[in-house]
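# Secondary and tertiary structure notes
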Amino acid sequence: MKGECEVTTEQAVKTETKAGSLKTHLNKLSERKDLTFDEMAEAMQIILNETLSDSEVAAFLMALKAKGETVDEIASLVEVLRDNAMPLKRSMDNVMDNCGTGGDGSHSFNISTVSAFVLAGAGVTVAKHGNRSVTSRTGSSDVLAELGVSLDFDADDNARLLKDNNITFLFAPHVHPKLKQIMKVRQDLKVPTIFNLIGPLINPVKLEQQFLGTYNREQLVMMATVLKRLGRKRAVVINGAGYMDEASLAGENYFALLEGGAIYEEKFTPESVGLKSYPLEAIAGGDSSTNAEILRNVLEGDAAPAQRDTVLLNAGIGLYAAGRSDSIEAGIFMAKESISSGRALQKLEHLIKYSNKRGGQA
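Quick look at the structure, then.

## Describing the overall build of the protein
The helix and strand tally for the protein stands at 16 helices and seven strands. Taken over C-alpha atoms, the radius of gyration comes to 20 Å for the protein, in line with the 21 Å a tight globule of 362 residues would show. Expressed as lengths along the three principal axes of its C-alpha atoms, the size of the protein is roughly 60 × 45 × 40 Å. In the protein, buried positions account for 56% of the 362 residues. In the protein, once contacts between residues fewer than 6 apart in sequence are set aside, the share between residues at least 24 apart is 74%. Within the structure as shown, the protein displays about 14,800 Å² of accessible surface, and the carbon and sulfur contribution to it stands at 48%. Separation of charge centres in the protein, based on 40 positive and 47 negative side chains, amounts to 3 Å.

In structure tokens, the structure reads:
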């Protein structure tokens, strides 16, 4: 059956390629009809492999957004992009990523990036996938580049870093070279699209666990279902207080837990996991230099309480998502140990030292 589907898809792609257009797909989307898994694959192959105008690509992204993306459309897009990504060694077990979709408008510091080092310091293997800022002021790669981390690690570098350091950084434009035009269109649009949803999903490393934040509370179960379809064994999808794509100390947080093939919806407050509440303004970030300073301050144990506790909360949930702790509270305790022991900071220093040694900083 799979072989038959592949032939059908290939033939459809050739037919559309000759037409040089997304007309069929755009017409269907304009009628508020969902694309099938194969139709979405066809459309993305055309976008990746054909010469289309920016307006055609923008029209496709906005038509999807207006209709509302489905599990099939998202999963199909992810698989096409992973198939077209830079080849990487994917043999390591128990690798996870922690990343938000962006688009929440909170202008916070780079919470998931800081948390990734805390996770690595606690023994979790993290393939951190990220990009420059699109809908926010400073993206993960902006901050890491500011700190001296290379953005062009190759397959051997990533395998070595995952083994020796528990963490590496995968710069999206580097590992997804065919996305150059789409990245430009996204920056021009300056609104969340399906690529905000799938940014955390297209990590070319095979992931078994994931902690994913989304700005859209109504999509928690849908995104958890996508993760299940993509083969994640365990995952947490969160929408924080203030509709952040991170866990927040500003009030009630909502999440979906994928465990044992089932999806459960839960919620919690900072107080219910042993932390104090702080307003969103207390975790505001700035430019790459400001956010890099915050990152170092947290890992060095010298950050403001709201910044520190926000990282502890998100790293604690990450440890829970990875199955390293049996509760968020236990994960927070492990996150504290990762920072206080200096192990989290060591992961950053190793990454910087490795980058300087190979002379490949971008």
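## Here we look at unusual backbone geometry
Of note, the phi angle at Arg32 is positive, near 60°, even though the residue is not glycine. Here Arg32 is to be found in the loop between α2 (23–30) and α3 (37–49). What makes Arg32 exposed here is its relative accessible area of 57%. The phi dihedral of Tyr243 is positive, around 60°, even though this residue is not glycine. Relative to the elements of secondary structure, Tyr243 occurs in the loop between β5 (234–239) and β6 (253–259). Relative accessible area serves as the criterion here: at 47%, Tyr243 is assigned to the partly exposed category.

## Observations regarding the pattern of salt bridges
This model, assessed by the stated rule, comprises 16 salt bridges. When the shortest N-O distance is used, the salt bridge between Lys67 and Glu73 registers 3.1 Å. For the pair Lys67 and Glu73, a shared accessibility class is recorded, and that class is buried. Residues Asp188 and Lys184 are paired through a salt bridge, measuring 3.0 Å at the closest nitrogen-oxygen approach. Taken together, the positions of Asp188 and Lys184, both in helix α10 (residues 180–189) and four residues apart, correspond to about one turn of that helix. Overlapping salt bridges, with partners in common, bring together Asp152, Asp157, Arg160 and Arg358 in one network.

## A few points about the nonpolar core
Core analysis: the biggest nonpolar cluster contains 61 residues, and Phe268, Leu299, Leu313, Ile317, Ile328 and Leu348 have the highest contact counts within it. The dominant element in this core, judged by the number of residues it contributes, is helix α14 (residues 305–321), at nine residues. Those residues in contact with Leu348 that sit more than four places away from it in its chain are Phe117, Leu147, Val149, Leu295, Arg296 and Leu299. Within the second largest apolar cluster, 45 residues are counted, among which are Val78, Ile182, Leu220 and Leu230.

## A few points about the pairing of strand β4 (residues 209–213)
Of all five residues in β4, five are buried, a share of seventy percent or more. Relative to β4, strand β1 (residues 95–100) runs parallel, the two being bridged by five bridges. Paired with Asn98 across the bridge in β4 is Phe211. Where β4 and β5 come together, five bridges link them in parallel fashion. Bridge assignment links Gln210 to a residue of β5, and that residue is Ala235. Handedness of the crossover joining β4 and β5 through helix α12 (residues 220–229) is recorded here as right-handed.

## Re the pairing of strand β3 (residues 167–171)
Two faces belong to every sheet, and in a regular strand the side chains alternate between them. Counting buried positions along β3 yields five of five residues, so the element is predominantly enclosed. Of the two faces of β3, both are covered, the one formed by Ile167, Phe169 and Phe171 as well as the one formed by Thr168 and Leu170. Bridge count between strand β2 (residues 125–130) and β3: five bridges; the pairing is parallel. Across the sheet, residue Val126 finds its bridge partner in β3, namely Ile167.

## Regarding the side chain of Asn239
For Asn239, the location among the structural elements is in strand β5. From its side chain, Asn239 meets the backbone oxygen of Tyr215 in a polar contact 3.3 Å long. Setting aside its immediate chain neighbours within four residues, Asn239 contacts Thr214, Tyr215, Asn216, Arg217, Leu220, Met244, Glu246, Asn253 and Tyr254.

## Digging into the sheet that holds β4
Strand pairing in a sheet is mediated by backbone hydrogen bonds. Such pairs are either parallel or antiparallel. Taken together, seven strands build an open sheet; the order of strands is β3-β2-β1-β4-β5-β6-β7 and the sheet is mixed. Each edge of the sheet is formed by a strand with only one pairing partner; in this case those strands are β3 and β7 (262–268). Strand-to-strand twist across the sheet, computed as the mean angle between neighbouring axes with direction ignored, equals 20°. Pairing between β5 and β6: six bridges, direction antiparallel. From the neighbouring strand, Ala235 faces β6, where its bridge partner is Leu258.

## Notes on the environment of Leu319
Mapping Leu319 onto the fold places it in helix α14. Ignoring anything within four residues of it in the chain, the contact list for Leu319 reads Leu119, Ala122, Val124, Arg324, Ser325, Gly331, Met334 and Ala335.

## What about helix α8 (residues 155–165)?
Those residues of α8 that sit buried are Asp157, Asn158, Leu161, Leu162 and Asn165. Taken end-on, α8 shows its buried residues confined to a sector of 125°, consistent with a single buried face. Residues of α8 that are buried make contact with α6 (111–121), β2, β3 and α16 (343–358). Immediately downstream of α8, the backbone of Asn166 shows phi near 70°, a positive value.

Conventions we followed
- Residues numbered from 1 in each chain as written.
- Predicted model: local features only at pLDDT ≥ 70, side-chain atom pairs only at ≥ 80, totals over all residues.
- Heavy atoms only, no water.
- Helix = DSSP H or I, 4+ residues; strand = E, 2+ residues; numbered from the N terminus.
- Rg over C-alpha atoms; globule rule 2.2 N^0.38 Å.
- Buried < 20%, exposed > 50% of the residue type's maximum accessible area, 1.4 Å probe, protein only.
- Contact = heavy atoms within 4.5 Å.
- Areas by Shrake-Rupley, 256 points an atom, 1.4 Å probe, with all protein chains shown as cover.
- Lys, Arg positive; Asp, Glu negative; His and termini not counted.
- Charge placed at Lys NZ, Arg CZ, Asp CG, Glu CD.
- Salt bridge = Lys/Arg side-chain N within 4 Å of Asp/Glu carboxyl O.
- Core = buried A, V, L, I, M, F, W, Y, C linked by side-chain atoms within 4.5 Å.
- Pairing = 2+ DSSP bridges.
- Right-handed = clockwise from strand over helix to strand, strands pointing away.
- Polar contact = N/O pair within 3.5 Å; in protein donor to acceptor, adjacent residues only side chain to side chain.
- Axes fitted to C-alpha atoms, helices over the stretch in contact; angles between N-to-C directions.
- Arc of directions from axis to C-beta.

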